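Topology and contacts: notes
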Amino acid sequence: MFTGIIEALGKVRSIEPKGTNITCWIQSPISADLKVDQSISHNGVCLTVEEIAEDRHRVTAIEETIDKSTLGGWKNGDLVNLERCMTMNSRLDGHIVQGHVDTTATCIERRDLNGSWEYRFEFPKKFSHLVIEKGSISLNGTSLTIFNVKKDRFDIAIIPYTFDHTNIQSVVPGSIVNLEFDMIGKYVARFLKTSS
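Below, the structure is looked at part by part. (Residues numbered from 1 in each chain as written. Predicted model: local features only at pLDDT ≥ 70, side-chain atom pairs only at ≥ 80, totals over all residues. Heavy atoms only, no water.)

1. As for the packing of aromatic side chains
Evaluated as defined, the whole model comprises six aromatic pairs. Residues F123 and F154 carry aromatic rings whose centres are separated by 5.7 Å and whose planes lie at 40 degrees to one another, so their mutual orientation is tilted. Here the residue F123 occupies a position in the loop between β9 (117-122) and β10 (136-139), and F154 occupies one in strand β12 (residues 153-158), the gap between them amounting to 31 residues. Among the aromatic residues, those joined into a ring-pair cluster are Y119, F121, F123, F127, F154 and F181. (Phe/Tyr/Trp six-rings, centres within 6.5 Å; stacked < 30°, edge-to-face > 60°. Helix = DSSP H or I, 4+ residues; strand = E, 2+ residues; numbered from the N terminus.)

Right, here's the structure in full:
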C-alpha cells in the first residue's frame, strides 16, 4: 500500500524484454536504501525489487502489468515517480493507493498559469462511475484531486513542488499516464452493483 506522495524521481537506465516480461534497471537516490523483495511504486505500478547495485535497482513487470500500464512504452532516460510502501504508524498524507493500475489516460491539454499548471486528461468512459468531482486519483502514482469531471475526462491542478518533484513536469499533450482509481470508491461501486 502506498499514499501517492512521491518520494523520489528515478531514471530508467536499461530495459530488457524477457519473454512476455520486461526487466528494467532504475537509478534513483533511494535505490541504495532499498532491499530485495521490497514493494516499490514505479509511476503507480507496484513492482518488487529483485536486485540492487549501488544507486540502481532492478524490477520486472509481467504481461498483465505491461498491458494495463505505460510500462511497455518506457525508454532509457524516462523519469519515474518512486514511492516506498507506507508504514502503518505514520500519517496518510495522500490517499490509499494499491499500486494496481486500472487503466491509462491521455493528456489532452496542459496550461501554464504562471506559478501553477492545469492538465486535462481523457480516459476510457467505462471507468466514469469511479471519478467524482474533488475526488482522489493516482496519476503515475501521485495522489491528486480531480475537478471539472466529465464522463471521459478530468482536470488536475499542480503546485510548483509537485511539478518539480514528480514526472508530471514531462507530461505534455499526447503523453499517456497510469491511472488508479480510489480504492474505497471501487469497493462502493462493486457493492452497489452486486446488491441491486
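2. Remarks on the sheet that holds strand β2 (residues 21-27)
The antiparallel open sheet is built from seven strands, whose spatial order is β4-β3-β7-β1-β2-β6-β5. A strand with exactly one partner marks an edge of an open sheet, and here the two such strands are β4 (45-48) and β5 (51-53). Strand-to-strand twist in this sheet, taken as the mean axis angle between neighbours without regard to direction, amounts to 40 degrees. Summarising the sheet, strand β1 (residues 8-18) and β2 pair through seven bridges and their orientation is antiparallel. Counted as the bridge partner of K18 is N21 from β2. (Pairing = 2+ DSSP bridges. Axes fitted to C-alpha atoms, helices over the stretch in contact; angles between N-to-C directions.)

3. Quick look at the pairing of β9
Burial along β9 is one-sided: the residues W117, Y119 and F121 are buried and none of E118, R120 and E122 is. Note that strand β8 (residues 103-112) and β9 share six bridges and pair antiparallel. The residue of β9 that forms the bridge with R110 is Y119. Count of turn residues in the β8/β9 antiparallel hairpin: four residues, of which N114 carries a positive phi of about 55 degrees. (Buried < 20%, exposed > 50% of the residue type's maximum accessible area, 1.4 Å probe, protein only.)

4. Focus: the environment of K11
Note that K11 resides in strand β1. Its relative accessible area of 34% is what places K11 among the partly exposed residues. Residues K11 and G73, spaced 62 residues apart in sequence, show a C-alpha to C-alpha distance of 14 Å. Residue contacts for K11: discarding those within four places in its chain leaves W25, I26, Q27, G77, D78 and L79. (Contact = heavy atoms within 4.5 Å.)

5. Description of the pattern of salt bridges
Scanning the model with the defined rule gives 14 salt bridges in all. For D55, the salt bridge identified is with R56, shortest N-O distance 3.8 Å. Take R56: its relative accessible area is 31%, and that puts it in the partly exposed class. Close ionic contact of E109 with R120 constitutes a salt bridge, the shortest N to O distance being 3.5 Å. Of this pair, E109 sits in strand β8 while R120 is found in strand β9, placing the two residues eleven residues apart along the sequence. What makes E109 partly exposed here is its relative accessible area of 27%. (Salt bridge = Lys/Arg side-chain N within 4 Å of Asp/Glu carboxyl O.)

6. Topic: the environment of M86
Note on placement: M86 falls in the loop between β7 (79-84) and β8. Assessed through its relative accessible area of 23%, M86 is described here as partly exposed. In this structure the C-alpha to C-alpha distance between M86 and I5, which are 81 residues apart in sequence, comes to 9.8 Å. Among residues more than four places away in sequence, those in contact with M86 are M1, F2, T3 and L92.

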